[in-house]
Each structure stands twice: as structure tokens, then as C-alpha cells.
Amino acid sequence: MAECHGHLSNKAEKMNALYRTLNYDIPRSEFCCRLGSEFVEAGEFTPRYAA
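A brief structural summary. No experiment lies behind these values; they were computed from the predicted model shown.

### Examining the nonpolar core
Part 1 of the reasoning: Formed by Ala2, Met15, Ala17, Leu18, Phe31 and Leu35, the largest nonpolar core amounts to six residues.
Part 2 of the reasoning: For this core, the leading source of residues is helix α2 (residues 11-20), giving three residues.
Part 3 of the reasoning: Look past the residues within four positions of Ala2 in its chain and what remains in contact with it is Lys14, Ala17 and Leu18.

What follows is the structure, given as C-alpha cells:
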């Protein structure tokens, strides 16, 4: 669902969909990577080591 909102350029709903996944189960690696990417793209997090 988050990816769909991303394609529609609806950032707020995209983030809500990402956070909503935490209501269903423990975070999986895909969620963590996607959430981290959102913060990096927004300039709110600087990776310690660049890949």
C-alpha cells in the first residue's frame, strides 16, 4: 500500500501505510529498509557509511 501512495505522490499516506505495518507484526527487514530510505530521501537522516 505504501508503494501505491508513493506512486501517487502522497507522502503523508505513504508514511502512514508504512507505520501501520507495525500494528500487524514485528518489523521485517523490508519495512526497516523502506522506512530508512524515506528518512534519507527527506534529508532527515545521514547514513554513517555510504554504500
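### Structural notes on α2
Part 1 of the reasoning: Of all the residues in α2, the buried ones are Lys14, Met15, Ala17 and Leu18. Buried residues of α2 fall within an arc of 160° about the axis and therefore sit on the same side.
Part 2 of the reasoning: For α2, the elements touching its buried residues are α1 (2-7) and α3 (29-41).

### Focus on unusual backbone geometry
Part 1 of the reasoning: The phi dihedral of Ser9 falls on the positive side, at around 60°, and the residue is not glycine.
Part 2 of the reasoning: In this structure, Ser9 sits in the loop between α1 and α2.

### Regarding the packing of α2 against α3
Part 1 of the reasoning: At their nearest, the axes of α2 and α3 sit 10 Å apart, and the two run at 150° to each other. Put simply, α2 runs roughly antiparallel to α3. Remark: the crossing between α2 and α3 carries left-handed chirality. Side by side, α2 and α3 meet where Lys11, Lys14, Met15, Leu18 and Tyr19 of the first sit next to Phe31, Arg34, Leu35, Glu38 and Phe39 of the second.
Part 2 of the reasoning: Of the residues belonging to the contact of α2 with α3, the class tally is six nonpolar, no polar and four charged.

Reading the values: the criteria
Residues numbered from 1 in each chain as written. Predicted model: local features only at pLDDT ≥ 70, side-chain atom pairs only at ≥ 80, totals over all residues. Heavy atoms only, no water. Core = buried A, V, L, I, M, F, W, Y, C linked by side-chain atoms within 4.5 Å. Buried < 20%, exposed > 50% of the residue type's maximum accessible area, 1.4 Å probe, protein only. Helix = DSSP H or I, 4+ residues; strand = E, 2+ residues; numbered from the N terminus. Contact = heavy atoms within 4.5 Å. Arc of directions from axis to C-beta. Axes fitted to C-alpha atoms, helices over the stretch in contact; angles between N-to-C directions. Parallel < 35°, antiparallel > 145°, perpendicular 65-115°, else oblique. Left-handed = near helix turned anticlockwise from the far one by under 90°. Nonpolar A, V, L, I, M, F, W, Y, C, P; charged D, E, K, R; others polar.

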